[in-house]
Amino acid sequence: MPRIVKNRLAHNEVLQVVSALGQVDSEDELLTELACRVKGLAPADSCEILLKIADGGLMLRASTMAPEYAGRARLGRGVGITGSVLETGEPLVIASGLANHPEQAYHPVLDESPLESAVVLPICSGEANIGVILLRRLEPWNPKRSELARLLELAQACAVALQGARRSRESQARVNRLGALSEVTKIIAGSPYLEEILQLLVNITAQQFNYRVCTVRLLDESNSELVLRATQATDKAYQRKRAIKLGESIAGRAIAKNRPAIVSDVQQEADYIGHDLAVEQGLRSMICVPLSIQNRALGVMSCYTDTVREFPEDEIKALETIAKQAAMSIENAKLQVRHTLMQEMHHRVKNNLQQVASLLRL
């Protein structure tokens, strides 16, 4: 009989965790809610959820102790007790002496000085480890096998809730991206003016894909520079960003390789130019998509998110399709300008010749 009660209790706890899925609007809100619920169910004095990022490290995504650092604090690959658990996929229990544990890595945000013990749980999705849950207490804590099994069930419930949210978001995003692709290509293809094409491109792409900032830089071949020509950012400092050399920029890298360049977090990327402005504007992940025709570079479109996230394959494909259409529209607009100039020159030369002929007749 006690065993049945225990299983029912564990089942109810799992339902409490999974039910968070229906009460939030974003992944960040979901992770924050999960951290609070798991902390209460553990119980623990703090709960942090760290998720794996593109370079194999971990990003703090939710914290009951330092929520203001969610999405900002990160740990390198394999660093600390959380990095170790991510790589092994096995839970880790530190019953006491957390601050002096040999694998403990100091991080100012995850400062463990007042905390005595920790349980680190892997978050698993299928065969892959996608993150960890860090539970800590102020006093010693050595959970029994049954308690540890219950905590692992809670971690698995978090994985289920997270994956469910992501699948739902990705499904909706696919629908939105298809609509955005049609909308963007239709509008930019209908304009004959270069400046209008560029401004429409950044405005509609940012709106349809929910980007924080979208910019277009065109290549000035005479100076080997990428010059900012359009952005929907309203901040004057961003609109005045200087031209950047091809060899010194991530955008230049995208053009050189003729494929999208992705940065997980521009605020942490050493090669990114303009860290201060990125922090001020709240820019996080970036994708640079080259604008090219038949391998001839015209420029690059850069899109920024306001959270650290990955760019799914179908989103990248949609942006590449938009970039190709934009490149064709840009080239057509340039040809139209050249054609108009040639007509004007022909008209003026013809008029001048007629004046000369009139003078000769006189």
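See the structure shown above.
Since this is a predicted model, take the numbers as computed values, not measurements.

Visitor: Got a minute to help me understand the pattern of salt bridges in this structure?
Guide: A side chain of one charge can pair with a side chain of the opposite charge when the charged atoms of the two come close. Counting across every chain of the model gives 13 salt bridges. Salt-bridge contacts for arginine 229 lead to glutamate 195; the nearest nitrogen and oxygen are separated by 2.3 Å. With arginine 229 in strand S8 (residues 225-231) and glutamate 195 in helix H5 (residues 194-209), the pair connects residues that are 34 residues apart, well separated along the chain. With a closest N to O distance of 3.0 Å, arginine 309 and glutamate 315 form a salt bridge. Three or more residues are tied together by salt bridges with common partners; here these are Glu27, Asp28 and Arg61.

Visitor: Can you walk me through the layout of surface pockets in this structure?
Guide: Using a probe with the size of a water molecule, rolled over the atoms, empty space left in the structure can be pinpointed. Of the volumes computed, that of the second largest pocket is approximately 260 Å³. Arg217, Lys241, Ile244, Tyr272 and Ile273 are, among the 19 residues lining the second largest pocket, the residues nearest its centre. Counting residues per element, the ones that place at least two in the lining of the second largest pocket are strand S7 (213-220), helix H7 (250-257), strand S11 (286-293) and strand S12 (296-304).

Visitor: For this particular structure, what's the right way to read the packing of aromatic side chains?
Guide: Think of a pair of aromatic rings as described by two things: how far the centres are apart, and how the planes are tilted against each other in angle. For the structure on display, the rule yields two aromatic pairs. For the ring pair phenylalanine 209 and tyrosine 211, a centre distance of 5.6 Å and an interplane angle of 5 degrees mean the geometry is stacked. Residue class for phenylalanine 209 comes out buried when judged on its relative accessible area of 8%. Their ring planes at 75 degrees and their centres at 6.3 Å tell us that tyrosine 272 and tyrosine 304 sit as a pair that is edge-to-face. Residue tyrosine 272 is found in the loop between strand S10 (261-263) and helix H8 (275-281), and its partner tyrosine 304 is found in strand S12; the two are separated by 32 residues along the sequence. Above the plane of the ring of tryptophan 141 lies arginine 137, whose end atom (NZ or CZ) is 3.9 Å from the centre.

Visitor: Looking at this model, I keep getting lost on the sheet that holds S10. Mind explaining?
Guide: Backbone hydrogen bonds are what pair the strands of a sheet, in a parallel or an antiparallel way. Spatially, S9-S8-S7-S12-S11-S10 is the arrangement adopted by the six strands of the open sheet, whose pairing is antiparallel. Looking at the sheet topology across the chains shown, the edges are occupied by strand S9 (244-245) and S10. Summarising the sheet, S7 and S8 pair through six bridges and their orientation is antiparallel. Looking at the pairing, threonine 215 lines up with threonine 231 of S8. Across the face of the sheet, H7 comes into contact with S8, S9, S10, S11 and S12 while running at roughly 45 degrees to S11.

Quick notes on the rules
Residues numbered from 1 in each chain as written. Predicted model: local features only at pLDDT ≥ 70, side-chain atom pairs only at ≥ 80, totals over all residues. Heavy atoms only, no water. Salt bridge = Lys/Arg side-chain N within 4 Å of Asp/Glu carboxyl O. Helix = DSSP H or I, 4+ residues; strand = E, 2+ residues; numbered from the N terminus. 1 Å grid on protein atoms, 1.4 Å probe; cavity = no way out; pocket = protein on both sides within 12 Å on 5 of 7 lines; lining within 4 Å. Points joined across faces, edges and corners; volume = space filled by probe spheres on them. Phe/Tyr/Trp six-rings, centres within 6.5 Å; stacked < 30°, edge-to-face > 60°. Buried < 20%, exposed > 50% of the residue type's maximum accessible area, 1.4 Å probe, protein only. Lys NZ or Arg CZ within 6 Å of the ring centre and 35° of its normal. Pairing = 2+ DSSP bridges. Contact = heavy atoms within 4.5 Å. Axes fitted to C-alpha atoms, helices over the stretch in contact; angles between N-to-C directions.

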